[in-house]
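Residue-level listing of the chains:
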Amino acid sequence: MMRVKMKKYSGFFIGLILLPVIILAQNNEKSAVVTTSKGITISPAEFKAYYEDYKQKIKNLKSDDWYFNLSDKIAAAKELALQKIILNEAKKNKIEQTEYFRKLKPEMEKAFQEIDQRANREKLSHKTIALIKEKIKNALLCKAYLNKAIEPYIKVTDSDIDNFLMAHQGNYALEPTKENPKAQIIKRDILKQMIQSEKRSRIAEEIAQNLLKEYDVKINKNVLKNIK
């Protein structure tokens, strides 16, 4: 009889044990600024710290008296979520072990040296220095990941160059012609760089949208409204 009763109520006791965990997870989701289907979240405190830098960036691009509203908060939350997702993908794919990251190591080492010099001048704590260096390294891991993801799609062909010149007929030309006397003469190498940059921006945007969709990113507007 005892065995039957224990079996009967075991599910109930397991439920009691798991209930606090379930409630905690639900509360975390309700209070988080961003949640995803793959465990990446953004807390209000994390968002506030990022949003201060984001606002300064927008002011530099637009004006100091820019009026920030909910749409700016949503854009900042999406930007931070994407950074965390790309970093997660970079680590998952062990990008640090690839040539794409190795190419960026001199840049990282130079940045680290500058931080060490600044630390000596400003007497920064070891914790602060470590956090800054981690931030620098994470940014370069993301850059390396994107370089690897984008590289196969940014090759510029003769057809790309012909299509560009056709689309901008009268504005650009590789050499002077009677048909386009006012066209700006542009070197082929420079033109390839322009097309490559355009391709890079487009592919990067496609990758970003695909990652946001894959991670099923959800932004909690109610939480954002209460963040100053």
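Residues numbered from 1 in each chain as written. Predicted model: local features only at pLDDT ≥ 70, side-chain atom pairs only at ≥ 80, totals over all residues. Heavy atoms only, no water.

Enquirer: Can you walk me through the packing of helix 2 (residues 44–61) against helix 3 (residues 70–92) in this structure?
Expert: For any two helices packed against each other, the geometry is given by the interaxial angle and the distance between the axes. It is at 10 Å that the axes of helix 2 and helix 3 come closest, and there the two elements cross at 110°. When the axes of helix 2 and helix 3 are compared, the pair comes out roughly perpendicular. In the packing of helix 2 onto helix 3, the handedness of the crossing is right-handed. Taking contact as the criterion, the partners of E46, F47, Y50, Y51, Y54 and K57 in helix 2 are, on helix 3, D72, K73, A75, A76, A77, E79, L80, Q83 and K84. Split into classes, the residues belonging to the contact of helix 2 with helix 3 amount to 8 nonpolar, 1 polar and 6 charged. (Axes fitted to C-alpha atoms, helices over the stretch in contact; angles between N-to-C directions. Helix = DSSP H or I, 4+ residues; strand = E, 2+ residues; numbered from the N terminus. Parallel < 35°, antiparallel > 145°, perpendicular 65-115°, else oblique. Left-handed = near helix turned anticlockwise from the far one by under 90°. Contact = heavy atoms within 4.5 Å. Nonpolar A, V, L, I, M, F, W, Y, C, P; charged D, E, K, R; others polar.)

Enquirer: How should helix 2 be read in this particular structure?
Expert: Two residues of an α-helix separated by three or four positions point the same way, owing to the 3.6 residues in each turn. With 18 residues, helix 2 ought to run about 26 Å at 1.5 Å a step, and its terminal C-alpha atoms sit 25 Å apart, in line with that. Residues of helix 2 that are buried include every one of F47, Y50, Y51, Y54, K55 and I58, and no others. Buried residues belonging to helix 2 abut helix 3 and helix 9 (221–225). (Expected span 1.5 Å × (residues − 1). Buried < 20%, exposed > 50% of the residue type's maximum accessible area, 1.4 Å probe, protein only.)

Enquirer: Any chance you could explain the confidence of the model for the protein here in plain terms?
Expert: Low-confidence regions, as indicated by low pLDDT, have predicted coordinates that should not be scrutinised in detail. Looking at the protein as a whole, the pLDDT averages 87, with 87% of positions reaching at least 70. Mean pLDDT in the protein bottoms out at helix 1 (residues 2–31), which sits at 48, and peaks at helix 4 (residues 99–102), which reaches 98. Predicted confidence for residues 1–9 stays below pLDDT 50, and this span has 0 contacts to residues more than four positions away or in other chains. Here residues 12–27 scores under 50 on pLDDT; set against residues more than four positions off or in separate chains, the count is 0 contacts. (pLDDT = per-residue confidence, 0-100.)

Enquirer: Help me understand the pattern of salt bridges, please; the structure alone is not making it clear to me.
Expert: One side chain can pair with another of opposite charge once the charged atoms of both are near each other. By the definition in use, this model includes 13 salt bridges. E214 is the salt-bridge partner of K38, the closest N and O atoms lying 2.7 Å from each other. Of this pair, K38 sits in the loop between strand 1 (34–35) and helix 2 while E214 sits in helix 8 (residues 188–214), placing them 176 residues apart in sequence. In this structure K38 comes out as partly exposed when scored by relative accessible area, which is 40%. D158 is the partner of R188 in a salt bridge, and the nearest nitrogen-oxygen pair spans 2.9 Å. Remark: D158 occurs in helix 7 (residues 158–167) and R188 occurs in helix 8; sequence separation between them is 30 residues. Judged by its relative accessible area of 37%, R188 is partly exposed. For D158, a relative accessible area of 52% puts it in the exposed group. (Salt bridge = Lys/Arg side-chain N within 4 Å of Asp/Glu carboxyl O.)

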